[in-house]
Amino acid sequence: MKIAIIGTGNLGHSIAKGLIIDNAFTTLYLTKRNLESLEEFNGYTNVTITSDNIEATKTSDILIFAVQPAHFEKVLAEITPYLTEKHVLISTVTGFSIPKIEGVVGENQFVIRAMPNTAIAVGKSMTCICSNTQGAKRIKISQAIFNRLGHTLIIPESQMQAATVICASGVAFWMRLIRATTQAAIQLGFDAEEAQELSMHTCEGAASLLIQTGNHPEEEIDKVTTPKGCTIEGLNEMEHKGLSSSLIQGMVASYNKISNIKKEQI
Ligand SMILES: NC(=O)C1=CN([C@@H]2O[C@H](COP(=O)(O)OP(=O)(O)OC[C@H]3O[C@@H](n4cnc5c(N)ncnc54)[C@H](OP(=O)(O)O)[C@@H]3O)[C@@H](O)[C@H]2O)C=CC1
Ligand SMILES: O=C(O)[C@@H]1CCC=N1
């Protein structure tokens with residue numbers, strides 16, 4: 001697979017790392033205007049770093065766009081004259097709809113929207129994917145790429161905004177929970193490094209229990225909560241302080257913000 005990442009910033013960088021670790025390409029082009037932050041990729045075989053989006057387009061079959069929403073239309077307009085029927089366009093750009101992409105590149109291109117997260121750098125991204133009518137013919141290829149870099153779900157485009165919040169922003173939300181539990185562990189006597197170790201691996205274990213058993217979280221909670229014990233005491237105190245409510249409200253606020261980002265682009 002000849003892949004180009006157009007706009008190798010935070011997310012593009014993570015995707016590049018995941019692709020390199022997985023050896024998932026024959027050639028990989030990484031583009032951005034200021035190339036300094038991409039120096040670490042210089043030594044890799046078959047990886048080209050460039051500011052030339054047109055060269056990257058001409059030499060690649062799969063184009064993964066990871067620029068900011070405000071830059072996307074200009075980048076698409078720049079590369080559109082060089083698109084052929086071989087190209088699969090995968091956009092990770094938040095709030096930029098398929099009709100809007102088709103408005104620049106036309107309806108005959110394979111257009112996929114993918115919403116990965118930065119855990120793609122370690123092969124653990126939850127990535128949601130949708131496509132235009134043409135892109136449906138290539139959605140399995142796109143899914144295969146992201147399956148190598150984590151877990152995927154094909155969804156309708158109407159759910160993409162929600163997927164952005166739960167999965168992409170979700171990494172930041174879970175990081176805060178891990179940081180908060182780390183802070184608690186320090187207050188309870190562990191040094192900072194140990195505290196984070198306890199917090200991260202407990203988080204991984206909890207998620208793995210659900211992934212591997214298919215159980216509902218409450219079923220697993222019931223196994224931990226001894227009557228009159230310390231777990232239910234802690235859980236109830238967290239709920240009195242609004243734990244679930246604040247998480248839900250935060251995610252809804254994040255969802256509403258994407259609608260505003262979309263309006264700002266119009
Ligand atoms: N960060 C995340 O976790 C996630 C982000 N997204 C989406 O991915 C996109 C990128 O986000 P993020 O990586 O955080 O943003 P960044 O700003 O870190 O990355 C965007 C990159 O695009 C480059 N760029 C800008 N203009 C051009 C151009 N004309 N040609 C080539 N490269 C260009 C910029 O570098 P330079 O200025 O040097 O060109 C920059 O490094 C956004 O649309 C975001 O909504 C989606 C899911 C998760
Ligand atoms: O914060 C943002 O707007 C982008 C989209 C999801 C992750 N980062």
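Below you will find a few notes about this structure. Think of each chain on its own: its residues are numbered from 1, step by step along the sequence as written. Written order determines the labels here, with chains lettered from A and ligands numbered from 1. Given that the model is predicted, a residue must reach a pLDDT of at least 70 before its local features are reported, and side-chain atom pairs must reach 80 or more before they are shown or counted; all residues, however, enter totals for whole chains, interfaces and linings. With hydrogens and water stripped out, all remaining heavy atoms of the structure feed into the side-chain values.

1. Things to note about a negative patch on the surface
At step 1: Within the patch definition used here, like charges are joined within 9 Å and nonpolar side chains (Val, Leu, Ile, Met, Phe, Trp, Tyr) within 5 Å, considering only residues with over 30% relative accessible area and no salt bridge. Here the accessible surface of atoms and residues is derived via Shrake-Rupley with a 1.4 Å probe, and residues count as covered only by protein chains that are part of the display. By definition, a salt bridge exists where a carboxyl oxygen of Asp or Glu is found within 4 Å of a side-chain nitrogen of Lys or Arg. Here Asp and Glu are counted as negative and Lys and Arg as positive; His is not counted, and neither are the chain ends. For charged residues, the charge sits on one atom: NZ in Lys, CZ in Arg, CG in Asp, CD in Glu. Among the surface-exposed residues, Asp 191, Glu 193, Glu 194 and Glu 197 lie close enough to one another that they form a single negatively charged patch.
At step 2: Each helix corresponds to a stretch of at least 4 residues labelled H or I by DSSP, and each strand to a stretch of at least 2 residues labelled E; elements are numbered beginning at the N terminus. With respect to the secondary-structure elements, Glu 194 resides in helix H7 (residues 192-213).

2. What about the nonpolar core?
At step 1: Here, nonpolar core means buried Ala, Val, Leu, Ile, Met, Phe, Trp, Tyr and Cys residues that are tied together by side-chain atoms lying within 4.5 Å of each other. Here's how the labels work: a residue is buried when its accessible area is under 20% of the maximum for its type, exposed when over 50%, partly exposed in between, all with a 1.4 Å probe on protein chains only. Counting 28 residues, the largest nonpolar core has Ile 5, Leu 19, Leu 28, Leu 30, Phe 41 and Ile 90 as the members making the most contacts within it.
At step 2: At the level of secondary structure, the elements contributing two or more residues to this core comprise strand S1 (2-6), helix H1 (10-22), strand S2 (27-31), strand S3 (47-50), strand S4 (62-65), strand S5 (88-91), strand S6 (110-115) and helix H5 (139-147).
At step 3: Tallying contributions element by element places H1 first for this core, with five residues.
At step 4: Dropping the residues within four chain positions of it, Leu 19 is found in contact with Ile 3, Ile 5, Ala 24, Phe 25, Leu 28, Ile 145 and Leu 149.
At step 5: Among the nonpolar cores identified, the runner-up in size contains 26 residues, and Phe 65, Ile 79, Met 115 and Cys 167 belong to it. Here a residue-residue contact requires only that any non-hydrogen atoms of the pair lie within 4.5 Å.

3. With respect to H5
At step 1: Residues Ile 139, Ser 142, Gln 143, Ile 145 and Phe 146 constitute the buried set of H5. All buried residues of H5 project into a common sector of 155° when viewed along the axis, lining one side.
At step 2: On its buried face, H5 sits against H1, S4, S5, S6, strand S7 (125-131) and strand S8 (150-154). The arc in question is the one spanned by the directions pointing from the helix axis to the C-beta atoms.

4. Let's talk about the side chain of Asn 215
At step 1: Mapped onto the elements, Asn 215 comes out in the loop between H7 and helix H8 (217-224).
At step 2: For this analysis, a polar contact is any N or O atom pair within 3.5 Å, provided that within protein one partner can donate a hydrogen and the other can accept it, and provided that sequence-adjacent residues contribute only side-chain to side-chain pairs. In this structure the side chain of Asn 215 is engaged in a polar contact, spanning 2.7 Å, whose partner is the side chain of Glu 220.
At step 3: Ignoring sequence-local partners within four residues, the contact set of Asn 215 consists of Leu 210, Glu 220 and Lys 223.

5. Let's talk about the site of ligand 1
At step 1: Proximity is defined per residue: if any heavy atom of the residue lies within 4 Å of a molecule or strand, that residue is considered near it. Around ligand 1 sit 23 residues, and of these Leu 11, Arg 33, Val 67, Gln 68 and Thr 94 come closest.
At step 2: Within the backbone of Gly 9, a nitrogen or oxygen atom sits 3.5 Å from an oxygen atom of ligand 1.
At step 3: For ligand 1, an oxygen atom lies 2.7 Å from a polar atom in the backbone of Val 67.
At step 4: Space inside and on the surface of the protein is sampled on a 1 Å grid over the protein atoms alone, with a cavity defined as a set of points where a 1.4 Å probe fits but cannot get out and a pocket as an open set with protein on both sides within 12 Å along at least 5 of 7 lines; lining residues have an atom within 4 Å of a point. To be counted as sitting in a cavity or pocket, a molecule needs more than half of its atoms within 2 Å of that site's grid points. In this structure the site holding ligand 1 corresponds to the second largest pocket.

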